[in-house]
Amino acid sequence: LEETAPNEFRAVIKAGVGPVKGTFHGQISITDIVPEKTYTITSRANSPAGFVEGVGRVELEGNGDGSTIVRFTGEAKVGGTLASVGGRLVEAAARKNILDTFANLARELHSAAAAPPAPAA
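Let me sum up the structure you'll find in this document. Note on numbering: residues in each chain are counted from 1, in written sequence order. It should be noted that, the model being predicted, local features are given only for residues of pLDDT at least 70 and side-chain atom pairs only at 80 or more, the latter also being counted only at that level, while totals for whole chains, interfaces and linings use all residues. Only hydrogens and water are set aside when side-chain values are computed; all heavy atoms of the structure are taken into account.

**Let's talk about the side chain of T40**
And then number 1: One can find T40 in strand β4 (residues 38-47).
And then number 2: What qualifies as a polar contact is a pair of N or O atoms within 3.5 Å, subject to a donor-acceptor requirement within protein and to the restriction that residues adjacent in sequence count only when both atoms come from side chains. At 2.7 Å, the side chain of T40 and the side chain of R57 are in polar contact.
And then number 3: Excluding residues that lie within four positions of it along the chain, T40 makes contacts with S29, I30, T31, D32, V55, G56 and R57. Helix numbers and strand numbers start at the N terminus; a helix is a DSSP run of H or I with at least 4 residues, a strand a run of E with at least 2. Contacts between residues were defined by any pair of non-hydrogen atoms, one from each residue, lying within 4.5 Å.

**Some thoughts on the packing of aromatic side chains**
And then number 1: Stacked, tilted and edge-to-face are the three classes assigned to paired rings of Phe, Tyr and Trp, where Trp is represented by its six-membered ring and a pair needs centres within 6.5 Å; plane angles under 30 degrees give stacked, over 60 edge-to-face, the rest tilted. The final tally for this structure, using the stated rule, is zero aromatic pairs.
And then number 2: Should the NZ of a Lys or the CZ of an Arg lie within 6 Å of a ring centre and within 35 degrees of the ring normal, that charge is described as sitting over the ring. In this structure, R44 packs its charged tip against the face of F51, placed 4.8 Å from the ring centre.

**Topic: the environment of D65**
And then number 1: Position of D65 relative to the elements: it lies in the loop between β5 (50-62) and β6 (68-79).
And then number 2: As for D65 and K96, which are separated by 31 residues in sequence, their C-alpha atoms are 27 Å apart.
And then number 3: Of note is the side chain of D65, whose polar atom sits 2.4 Å from the side chain of S67.

**Section: the environment of H25**
And then number 1: If you trace the backbone, H25 turns up in strand β3 (residues 20-34).
And then number 2: On a C-alpha basis, the gap between H25 and S43 in space is 10 Å, while along the polypeptide they are 18 residues apart.
And then number 3: The residues touching H25, leaving out its near neighbours within four places in the chain, are A11, V12, R44, A45 and N46.

Shape descriptors only; they carry no functional weight alone.
In C-alpha cells, the structure reads:
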C-alpha cells in the first residue's frame, strides 16, 4: 500500500482464484470514520484478469478485558475472467483474504505491544 492522501491508498495486490491469477492495481479509501468505533473501507482494483470492487464496514467494540471485538460486513462485485470461475470460489477466496488481513493485523499489533520502547532521541 502507498498512501496518496489522508485515508487514501494505492494498492498493488497479487492474487488468484483457482486458475485465474493476476496483479491487481487499485485504490482503497477509508471513510465514515468514528474513532475507536467504526469506519468504511472502499476498494476497486483492476487486472487483465478482471476487476474487484468492494465496500466493507468495520465496527470495533471494547470487550471489557482490554481486547477489542472486530465486526466486519461487506459486499463485493467481480467482473471479467475472474467472475467466470464462479461466485462461490470468489466468495471463499475473499473471505479467506479478509480473515488473513485481520489475523495479520492482530499479529502486528501483538508484536508492537511486546516490543521494548524505542530509546528517546
